[in-house]
Amino acid sequence: MLSLLMTTGGCSRPATPAPADGVLATSANLVRARADDAVFQASAMDVSRLDPAIAARYGLNPGRGGALLLVTLRDANGDALAPDDLVLTATASVLPDPPRALTLQPIRVDGLTDYIGVFAARAPASVQFHVSATSHGRRAELDTSAQLYPP
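Structure report, in brief. Computed from a predicted structure; not experimentally measured.

1. Looking at the sheet that holds strand β5 (residues 100–102)
Working step 1: Spatially, β5-β4-β8-β9 is the arrangement adopted by the four strands of the open sheet, whose pairing is antiparallel. The two strands at the open ends of the sheet, each matched to only one other strand, are β5 and β9 (138–148). When the angles between neighbouring strand axes are averaged without regard to direction, this sheet yields 25°.
Working step 2: In terms of strand pairing, strand β8 (residues 125–135) meets β9 through 11 bridges, oriented antiparallel. When the sheet's bridge partners are listed, S132 is paired in β9 with E141.

This is the structure we're talking about:
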């Protein structure tokens, strides 16, 4: 079983843009991991700072706040992979509290399936996310965070 943790800066982008790039273009909290032919990407940011059009696209209300976790699954070319055997689990916590399970909901955007979860937290806060993704027997672990600041 392959387990890989890889963290990259916000300037790193896949060759083919994915919905996560448009939503979180200003986020420095982007992580990517590869498991065989599957590329997992997780991004986190403050929901209150989302552009209203982007928030609407993902069915989010920026006025409610919290931290958004967006997980994508693509092939090496940036194309959709069928989520037929995909298993995603996620936890979230506000430091120094222990992690709690976070439900990830599938959402279809532009013909691609992404997974989103919103963790309720009030600014100021540092929200930590951990994602475990398994597809076709290959496993990837991702960690990212979002800083919530008062308006």
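2. Quick word on unusual backbone geometry
Working step 1: Of note, the bond from L95 into P96 is cis; its omega dihedral lies within 30 degrees of zero at 10°.
Working step 2: Positionally, P96 belongs in the loop between β4 (87–94) and β5.
Working step 3: In this chain, A123 is followed by P124 through a cis amide linkage whose omega measures -5°.
Working step 4: Relative to the helices and strands, P124 is located in the loop between β7 (112–119) and β8.
Working step 5: For D110, which is not a glycine, the phi torsion comes out positive at approximately 55°.
Working step 6: Its place among the elements puts D110 in the loop between β6 (105–109) and β7.

3. A closer look at the side chain of E141
Working step 1: On the secondary structure map, E141 appears in strand β9.
Working step 2: Overall, the relative accessible area of 13% leaves E141 in the buried class.
Working step 3: Within polar-contact distance, the side chain of E141 engages the side chain of R139 at 2.4 Å.

4. Focus: the pairing of β7
Working step 1: Here β7 lies mainly inside the structure; seven of its eight residues are buried.
Working step 2: Direction of pairing for strand β3 (residues 67–74) relative to β7: antiparallel, over a ladder of six bridges. Bridging across to β7, A67 finds its partner in F119.
Working step 3: Pairing of β6 with β7 involves five bridges; the strand directions are antiparallel. Bridged to R108 within β7 is T113.

5. Topic: the nonpolar core
As a rule of thumb, soluble globular proteins bury nonpolar side chains together.
Working step 1: Grouped together as the largest cluster of nonpolar side chains are 30 residues, with contacts concentrated most on F40, L69 and F129.
Working step 2: Listed by contribution, the elements that provide at least two residues to this core are β1 (30–35), β2 (38–46), β3, β4, β7, β8 and β9.
Working step 3: For this core, the leading source of residues is β8, giving five residues.
Working step 4: Apart from residues lying up to four places away in sequence, L69 is in contact with A42, S43, A90, L102, L104, Y115, I116, G117, F129, V131 and T144.

Procedures and definitions
Numbers given to residues run from 1 along each chain, matching the order in which its sequence is written. With pLDDT at 70 or above as the cut-off, local features in this predicted model cover only qualifying residues; side-chain atom pairs require 80 or more to be listed or tallied, and sums for whole chains, interfaces and linings still use all residues. Only hydrogens and water are set aside; all other atoms, that is, all heavy atoms of the structure, feed into the side-chain values. In this description, strands pair whenever DSSP reports at least two bridges between them. Secondary structure elements are taken from DSSP: a helix is a run of H or I of four residues or more, a strand is a run of E of two residues or more, and numbering for both begins at the N terminus. The convention used is that axes are lines fitted to C-alpha atoms, helices contributing only their stretch in contact, and that angles between N-to-C directions extend from 0 to 180 degrees. Only protein chains enter the accessibility calculation, which uses a 1.4 Å probe. A residue is then buried if its area is under 20% of the maximum for its type, exposed if over 50%, and partly exposed in between. In protein, a polar contact requires one atom able to donate a hydrogen and another able to accept it; more generally it is a pair of N or O atoms within 3.5 Å, and residues adjacent in sequence count only if both atoms are side-chain atoms. What makes a nonpolar core is a set of buried Ala, Val, Leu, Ile, Met, Phe, Trp, Tyr and Cys residues whose side-chain atoms join them at distances within 4.5 Å. Any two residues having at least one pair of non-hydrogen atoms within 4.5 Å are treated as being in contact.

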